[in-house]
Amino acid sequence: MLIFGGVNSWKDSNILQREEHCQQRERTNKKLNLKKMLELVFATNNAHKLEEVQAIVGSAFIIKSLNDIDCSDDIPETGETFEENAKQKTDYLVNKYGLYCFGDDSGLEIDALNGEPGVYSARYSGSRDMEKNIDLVLQKLGDNTNRTARFKTVISLYLNEQQHFFEGSIEGKIIEERRGIDGFGYDPIFIPNGYDRTFAEMTAAEKNSISHRAIAVGKLATYLKTK
Ligand code: ITT
């Protein structure tokens, strides 16, 4: 009986050890699950924007693209403001996939064109062809000496059943001819105040340190770090 008792005690301590291992694994899994909450889907099909945002947010957060979740839908953007459009993007992902996510809407507002192209920036000329969109802006501005403009971004975040907005903008001016080959969109014709180079003449790091998106994403990242 003593021997059996001894074996049983040995078995008991083994079971206790295994239980301790299981609890340890559960604690680790819980930590990993908490980390998983920092995986967010960015509702965009624009690879440049995804790169810019990942560079600004850094490695503390895992940003997944629509591609990563096999979403090839053309998410509607029918709002009249950047805020409405950004929210439309996150609403779409929340309703269809139930995912924590963020989406942005950005664009260029030119004072002499009454805020155009604004929410129509991506398809100002009727197509996504940026050569045509820039041509149209330059043609509409003509030799108007009022060249003031700004890029704006509004980010909609859906996290923990709550909706948040983060905004960023950068003032500048529209020049008469394209300059530079980096960046995307209207970068070749936009010079931010305090600089003498267009966004397209800056390195990605330079643009990311001052851009409308950098400001909005910076606010998003600061908020996420509190989570
Ligand atoms: P998604 O909707 O898929 O995210 P998009 O290209 O439509 O990609 P936005 O709605 O945010 O991107 O921006 C609309 C347009 O505004 C974009 O296509 C560009 O032409 C212009 N734009 C936005 N951010 C810009 C930037 O940093 N530099 C130059 N142009 C920009």
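Residues numbered from 1 in each chain as written. Predicted model: local features only at pLDDT ≥ 70, side-chain atom pairs only at ≥ 80, totals over all residues. Heavy atoms only, no water.

Basically, it comes down to this: UniProt positions are given in the numbering used here, feature names are shortened, and annotations may be inferred rather than shown by experiment.
With an unreviewed UniProt entry as reference, the protein chain is termed dITP/XTP pyrophosphatase, source organism Sphingobacterium multivorum. Its UniProt record, at the heading Subunit (unreviewed entry), says of the protein chain: "Homodimer." One UniProt comment on the protein chain, placed under Sequence similarities (unreviewed entry), says "Belongs to the HAM1 NTPase family."

Some words on the sheet that holds strand β4 (residues 148-159)
For clarity, the cut-off: One bridge is not enough; two strands pair if DSSP finds at least two bridges between them. Runs of H or I in DSSP of at least four residues are treated as helices and runs of E of at least two as strands, each being numbered from the N terminus. Here the axes come from fitting lines to C-alpha atoms, over the contacting stretch only for helices, and the angles between their N-to-C directions go from 0 to 180 degrees.
Read across the open sheet, the six strands follow the order β2-β1-β3-β4-β5-β6; overall the sheet is mixed. Sheet topology places β2 (62-64) and β6 (190-192) at the edges, where each strand pairs with a single neighbour. Adjacent strand axes in the sheet meet at a mean angle of 35° when their direction is disregarded.

A few points about the pattern of salt bridges
What counts here: We count a salt bridge whenever a side-chain nitrogen from Lys or Arg sits within 4 Å of a carboxyl oxygen from Asp or Glu. For every residue, the accessible area obtained with a 1.4 Å probe (protein chains only) is divided by the maximum for its type, and the residue is called buried under 20%, exposed over 50%, and partly exposed between those limits.
Taken as a whole, this structure holds 16 salt bridges when the rule is applied. A salt bridge links Lys87 to Asp91; its shortest N-O distance comes to 2.9 Å. Of the two residues, Lys87 and Asp91 both sit in helix α3 (residues 82-97), four residues apart, roughly one turn of that helix. Notably, a salt bridge pairs Asp187 with Lys207, separated by 2.9 Å at the nearest N-O pair. Of this pair, Asp187 sits in the loop between β5 (162-174) and β6 while Lys207 sits in helix α5 (residues 204-210), and the two are 20 residues apart along the sequence. Taken individually, Asp187 and Lys207 each receive the classification buried, so the pair is uniform in this respect. Each member of the salt-bridge network shares a partner with another, and the members are Glu109, Asp111, Arg150, Lys152 and Glu171.

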